[in-house]
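Topology and contacts: notes
If you want the building blocks of each chain, they are given just below.
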Amino acid sequence: MADSSPKDFSDVLSLMAVDARCQGDTPYVLCLKRFLKGGAGADPPLVDITVDDAYRMDYPRRGKAVIINNRTFHPTTHMGERSGTDVDADNLYAQLGKLGFDVTRYDNLRAKEMLRVLQYAAREDHKDADCFVAAMLSHGEEGEIYGVDKAIAIDELTSPFKGTNCLSLVGKPKIFIIQACRGTDLDHGVDKADSDEGAPVDEVDAVSVQRVPVEADFLMCYSVVKGYFSWRNSSKGSWFIQCLCRALELFSGKLEFTRLLTRVNKMVAYEFESNAVKQYMTRKKQIPCISSMLTKDLYLSAKH
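So, here is what we can say about the structure in this document. (Residues numbered from 1 in each chain as written. Predicted model: local features only at pLDDT ≥ 70, side-chain atom pairs only at ≥ 80, totals over all residues. Heavy atoms only, no water.)

Looking at the side chain of Thr282
Operational definition: Only runs of H or I of at least four residues qualify as helices and only runs of E of at least two qualify as strands under DSSP, and these elements are numbered from the N terminus. Note on exposure labels: buried denotes an accessible area under 20% of the residue type's maximum, exposed denotes more than 50%, and partly exposed covers the range between, all computed with a 1.4 Å probe on protein chains only. The term polar contact refers here to a pair of N or O atoms within 3.5 Å; inside protein, the definition further demands a hydrogen-donor-capable atom paired with an acceptor-capable atom, and it admits residues adjacent in sequence only when both atoms are side-chain atoms. We call two residues in contact when some of their heavy atoms are within 4.5 Å.
Mapped onto the secondary structure, Thr282 falls in the loop between helix H7 (257-271) and strand S11 (289-292). Using a relative accessible area of 15% as the deciding quantity, one classes Thr282 as buried. Of the polar contacts made by the side chain of Thr282, one reaches the backbone oxygen of Ala276; its length is 3.1 Å. Apart from residues no more than four positions distant in its own chain, Thr282 is found in contact with Ser274, Asn275 and Ala276.

Here it is, written out as structure tokens:
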């Protein structure tokens, strides 16, 4: 009999998404136990998995991409100008265009305008599209991102794309790229003994009908982990978007997308270190954060 036990962690996520027969322990715990046990002696299959392990990327359109780029802010926000963000927006626009997205860029939107743009995008018909991408470049705090006039909850901006609100994107990837601070802590870094790592450099700033969770198939790509400052260079753009665009150029279609984002994590972590005017902000580090609710592997190659 063929061994149906999961071979890697993406198999665990697939089992969690489709298994409706787990009892006793939670589905997550049972699937994790099965993954860790693995191989010979594994528990009997919980369910026959007939769905593909990768998202379909052969729809007529790649899909819509929205870039919201906030640079200058109302004085009442006490937020400074985000020099370098236009470079980020330009580079993202180019890279997403190469991947076949229909890209629309918006500059300096108020909080309500940000919400309105995303609500409108969610109401569009995405049935013939592979996926959806939204990139938001602005100031931020934990759980919030700034319009040019005030902050708005990130959950409020992503809510229009949940399964109950946007039926034409159910079962399709919804990727949110968020370049913003998530707090004011500075990452002081720690020395690593391995000699093979280069010294960090400078810069700042089959068709079936299935029930799926309404929160499924989201991928949240944060520039930094919770609580920390996110760095941006006034001429080259943010560390995170620089590395994301480079990784898209080098690895799109070659690496599964969450693995590509892991390469981005490494680039930001090892290649950058702050060189700020204020001494207490010098030689600081940054690590991006991936929050994946994807249920399949995602490969983004150029759309032909």
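Picking up where we left off.
Looking at unusual backbone geometry
Residues other than glycine seldom take positive phi values, yet His78 does so here, at roughly 60°. Since its relative accessible area comes to 73%, His78 is described here as exposed.

Let's talk about H7
Stated precisely, the cut-off is as follows: To estimate how far a helix should reach, multiply one less than its number of residues by 1.5 Å. Here the arc refers to the directions that run from the helix axis out to each C-beta atom.
With 15 residues, H7 should reach 21 Å at 1.5 Å per residue; the first-to-last C-alpha distance of 21 Å fits that figure. All of the buried residues in H7 are Phe257, Leu260, Leu261, Val264, Asn265, Met267 and Val268. Summarising the axial view, the buried residues of H7 lie within an arc of 165°, below the 170-degree limit, and thus occupy one face. Looking at the buried residues of H7, the elements they touch are strand S7 (174-179), strand S8 (218-222), helix H6 (239-251) and S11.

What about the sheet that holds strand S5 (residues 144-146)?
Selection rule: Paired strands, as defined in this entry, are two strands with at least two bridges between them according to DSSP.
With respect to topology, three strands assemble into an open sheet ordered S4-S5-S6, the strand pairing being antiparallel. Edge positions in the sheet fall to strand S4 (140-141) and strand S6 (151-153), since each has one partner strand and no second. Across three bridges, S5 lies against S6 in antiparallel orientation. When the bridges of S6 are listed, Glu144 appears paired with Ala153.

Quick word on the pattern of salt bridges
How we decide: Every case where a carboxyl oxygen of Asp or Glu lies within 4 Å of a side-chain nitrogen of Lys or Arg is listed as a salt bridge.
The final tally for this structure, using the stated rule, is 17 salt bridges. Across the pair Asp90 and Arg105 runs a salt bridge, and its minimum N-O distance is 2.5 Å. Separated by 15 residues along the polypeptide, Asp90 in helix H3 (residues 85-98) and Arg105 in strand S2 (residues 102-107) bring together distant segments of the chain. What makes Asp90 partly exposed here is its relative accessible area of 43%. Across the salt bridge formed by Arg110 and Glu113, the nearest N and O atoms sit 3.2 Å from each other. Linked through salt bridges whose partners overlap, the residues forming this network are Arg71, Glu81, Asp86, Asp90, Arg105 and Asp107.

A few points about the sheet that holds strand S1 (residues 61-69)
As a reminder, the rule being used: To get an axis, fit a line to the C-alpha atoms, keeping to the stretch in contact for a helix; angles then go from 0 to 180 degrees between the N-to-C directions.
Ordered in space as S2-S1-S3-S7-S8-S11, the six strands form an open sheet in which the pairing is mixed. Every interior strand has two partners, whereas the edge strands, S2 and S11, have only one. Pairwise comparison of adjacent strand axes, ignoring direction, gives a mean angle of 10° for this sheet. As defined by bridge partners, S8 adjoins S11 across four bridges and the pair is classed as antiparallel. Bridged to Tyr222 within S11 is Cys289. Sheet contacts for helix H4 (residues 111-123): S1, S2 and strand S3 (129-137); angle to S1, the most-contacted strand, approximately 175°.

Concerning the pairing of S1
The buried fraction of S1 is high, at eight of nine residues. Pairing geometry for S1 and S3, over eight bridges, is parallel. Considered in S3, the bridge of Ile68 is made with Met136. Bridge count for S1 against S2 is six bridges, and the pairing is parallel.

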